[in-house]
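Geometric and topological summary
Given next are the chains, with one letter for each unit.
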Amino acid sequence: MLYFRCLILALFLCSLVLFPLTQLVSADEVATLAQKIAELSRNLEETKKNTVKNEHQLDKLNQELLVIKNAVLRIESEIDRKSKDIKKGEDRIIVQKEKIEARVKSFYKQSSRLKNSILEIVVSPNFTKFIKQYSYSQNLLNEDREEIVRVALLVSDIETKKKELEDERLRLIPVKEEINKQTTTLQSEVVKSKEYEANIKKEIAALSARQQEIISSRSGGFTANLGDTELADDYNASLRGFRESAPSGYFAVFSFGAYTHRKGMSQYGARGRAHSGQSYKQILNAYYNKEPISKDTSGTIKVAEHGEIDFETTYMYGISEMPASWHPEALKAQAIASRTFALRYKALGREICITERCQVFRKSKSDAPPEAWRAAVDSTRGEVLDAEVAFYSSTSGGFLTTSGWDTSDKNGGSDFISRSYEKVVGSPWLYKSWYTQSYSINSDKCGRQNPWLSPEEMADIVNAALVLAAGSSQEVERVSPVTTQCYSGNPYSMTELREVAKKYGGIDLANSVNVLLGDGTTKTITINGVSLSGVDFKKAFNLRAPGRLSIPQRSFSFYNIEKK
């Protein structure tokens, strides 16, 4: 038996050499990490609440302490003043006693004279005067006695009040000491709480990093590194604007690409490829995996509002999908994609619309086509792609479902933006945070000045996603746009939704975010340890985010979240 145990131990030790424990990942480790992160995040939120309460209590105690200190100072000042008043009263009594003693002597002499020579005084011609002086002296003596009594009573009253003040001061001393003690204790608790918060944040960051490491190793995902991404067409919607002007702790959701289906050709990508030296045939092959073929495109096409017009020399001249100032090879690629798109309508005899729903046509451009566009149409006359539909869109965000990564090396990775063809020519929608109603930066913003989200607003999106995923139908019903001035309805307030989401693992404030990207998709969003799929977060964001904030993509989710 002992031999058996030694053999097992030896094998185990060998396994540690061949397969270090740090490399062993159990099937449940990601879930366990998420659980730990969620628990730590809840502890962090609870600690923050307690810290705030302690800080409020500390402020209150400091205010009380200040009141008591001021009261003690006032009492001590009053005691000092009373002591001075008592001293003055005592001095007055002494003076008054001296006066009385002098007057008593004088009065005594007069009384003696009156007893010894009463007859002499009576018969004296100054009898009346003597009597008056005698009476006056007696009155003064009585007044002096009364004054001594008054001063003595005043001094006694002052001494009583002084004693009361001293008693009050003595009563306040232990109160002051107790508040001082409580203040010191609370200050220590606040310091400890903040240290604890810092440690929890470090632990959450470490666990989140490990979680992302595991997920990435399993799925081949990555986190985007944008570097100095070009400005969007709106400074506040750009990464630069967010980094330079947003308040610390705020978040912004950036879409890779705009209102795009991510099929076929990227127009900005085609422009970037042309600037990089590719011909229109190379551009088309990159996006459609086909080179153009020749077909008979003579005849007419039915166009909405314009009836039947010549296909090549009228309709094609009026296509307004790419600026005529762009590179000639990009214009040729656009001409062939547009021709291929419209040819199906022509062959079936169907009317083609003149808006973005089909492709934009303007008769004014057709009547006087720019020379560069006319040359692109004429030089590729009859050239089409052997495809039913040649889809294209402005900006795909560096990835297309039909051809993969639109980068110089056909690979993704964290730096794919720097290698994307759309970046070469600075597409304004390659990496943008959307908060307008449409493409135009002047379209309605529902009162928002920027697309940045506060920690409370980002937490509200997380809570919305949790309730949408696990809530009852009555709860889900009220997860609607919080900005009622633009959408009406009866949505939960952020406070109400936070209370509802608590039972589903909701959060109070967002303070951390991790984003895992895959091949043209946002796989997971982890905020404060709460992990959501990219699809679920997008759904909640587009339903609940304030104002016109949105992730403007149709059937896919490819976006990133930045935190300042």
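1. Some points on the sheet that holds strand β13 (residues 530-533)
Here we have three strands laid out as an open sheet, ordered β11-β12-β13, and antiparallel in their pairing. Only two strands of the sheet have a single partner each, and these edge strands are β11 (513-517) and β13. Each strand axis lies, on average, 15° off the axis of its neighbour in the sheet, ignoring direction. Strands in contact with helix α13 (residues 455-470) are β12 (522-527) and β13; relative to β13, the strand with the most contacts, it is inclined by about 65°. Across the sheet, helix α17 (residues 534-544) touches β12 and β13, and the angle it forms with β13 is around 90°.

2. Brief notes about the packing of α13 against helix α16 (residues 494-501)
Running from amino to carboxyl end, α13 crosses α16 at an angle of 45°, the nearest separation of the two axes being 9 Å. Considering the angle they form, α13 stands oblique to α16. Of the two elements, α13 crosses α16, and the hand of that crossing is left-handed. Along the contact surface, α13 presents E456, E457, D460, N463, A464 and V467, while α16 presents M494, L497, R498, V500 and A501.

3. Observations regarding the confidence of the model for the protein
Model confidence for the protein is summarised by a mean pLDDT of 81, while 77% of its residues fall at 70 or above. Mean pLDDT per element in the protein: helix α1 (residues 2-18) is the minimum at 36, and helix α11 (residues 371-379) is the maximum at 98. Across residues 1-28, confidence stays below pLDDT 50; counting only partners more than four residues off in sequence or on other chains, it has eleven contacts.

4. Section: the nonpolar core
The biggest cluster of nonpolar side chains holds 51 residues, and the ones touching the most others in it are M458, I527, F537, F541 and I561. Each residue touching M458, except ones within four places of it in the same chain, is listed here: F251, V253, L453, A510, I527, F537 and I561. Ranked by size, the runner-up nonpolar core spans 45 residues in total, among them Y288, A333, C353 and C358.

5. Considering the sheet that holds strand β1 (residues 251-256)
As summarised here, the arrangement of the three strands in space is β10-β1-β14, forming an open sheet in which the pairing is antiparallel. Looking along the sheet, the strands with just one partner apiece sit at the ends: β10 (431-432) and β14 (559-563). Here β1 pairs with β10 via two bridges, running antiparallel. Paired with S255 across the bridge in β10 is K432.

6. Notes on the pattern of salt bridges
All chains considered together, the criterion is met by 15 salt bridges. In this structure, R548 and D444 form a salt bridge, with 2.8 Å as the shortest nitrogen-oxygen distance. Pair noted here: R548 is in the loop between α17 and β14 and D444 is in the loop between β10 and α13, with a separation of 104 residues, a long-range link. Given the relative accessible area of 35%, D444 is considered partly exposed. The salt bridge involving K503 is made with E475; its shortest N-O contact spans 2.8 Å. One end of the pair, K503, is in the loop between α16 and β11; the other, E475, is in helix α14 (residues 473-477), and 28 residues separate them in sequence.

7. Quick notes on the environment of A501
Of note, A501 is situated in helix α16. Spatially, the C-alpha atom of A501 lies 9.5 Å from that of E475, the residues being 26 residues apart in sequence. Contact partners of A501, with chain neighbours within four places excluded, come to N463, V467 and G506.

8. Here we look at unusual backbone geometry
Positive phi outside glycine occurs at C446, with the angle close to 55°. Tracing the backbone through its elements, the reader meets C446 in the loop between β10 and α13. Notably, S488 is not glycine yet its phi reads approximately 60°, a positive angle. Take S488: it is sitting in the loop between α15 (484-487) and α16.

9. Describing the packing of helix α7 (residues 280-288) against helix α9 (residues 328-348)
Between α7 and α9, the shortest axis-to-axis distance is 8 Å and the interhelical angle comes to 55°. As the angle between them shows, α7 and α9 are arranged oblique. Where α7 crosses over α9, the two elements pack in a sense that is right-handed. For the pair α7 and α9, the contacting residues are Y280, I283, L284 and Y288 in the first and E329, A330, K332, A333, I336 and A337 in the second.

10. Observations concerning the state of the cysteines
Using the criterion set out here, one finds two disulfides in the structure. If one numbers only the bonded cysteines of the protein, in the order they occur, the disulfide pattern is 1-2, 3-4.

11. Comments concerning the pairing of β13
Only one face of β13 is buried: it carries V530 and L532, and the other face, with S531 and S533, is open. As defined by bridge partners, β12 adjoins β13 across four bridges and the pair is classed as antiparallel. For I527, the partnering residue across the bridge sits in β13 and is V530. Remark: two residues form the turn of the hairpin made by β12 and β13, two consecutive strands paired antiparallel; N528 in that turn has positive phi of roughly 50°.

Rules used throughout
- Residues numbered from 1 in each chain as written.
- Predicted model: local features only at pLDDT ≥ 70, side-chain atom pairs only at ≥ 80, totals over all residues.
- Heavy atoms only, no water.
- Pairing = 2+ DSSP bridges.
- Helix = DSSP H or I, 4+ residues; strand = E, 2+ residues; numbered from the N terminus.
- Axes fitted to C-alpha atoms, helices over the stretch in contact; angles between N-to-C directions.
- Contact = heavy atoms within 4.5 Å.
- Parallel < 35°, antiparallel > 145°, perpendicular 65-115°, else oblique.
- Left-handed = near helix turned anticlockwise from the far one by under 90°.
- pLDDT = per-residue confidence, 0-100.
- Core = buried A, V, L, I, M, F, W, Y, C linked by side-chain atoms within 4.5 Å.
- Buried < 20%, exposed > 50% of the residue type's maximum accessible area, 1.4 Å probe, protein only.
- Salt bridge = Lys/Arg side-chain N within 4 Å of Asp/Glu carboxyl O.
- Disulfide = S-S within 2.5 Å.

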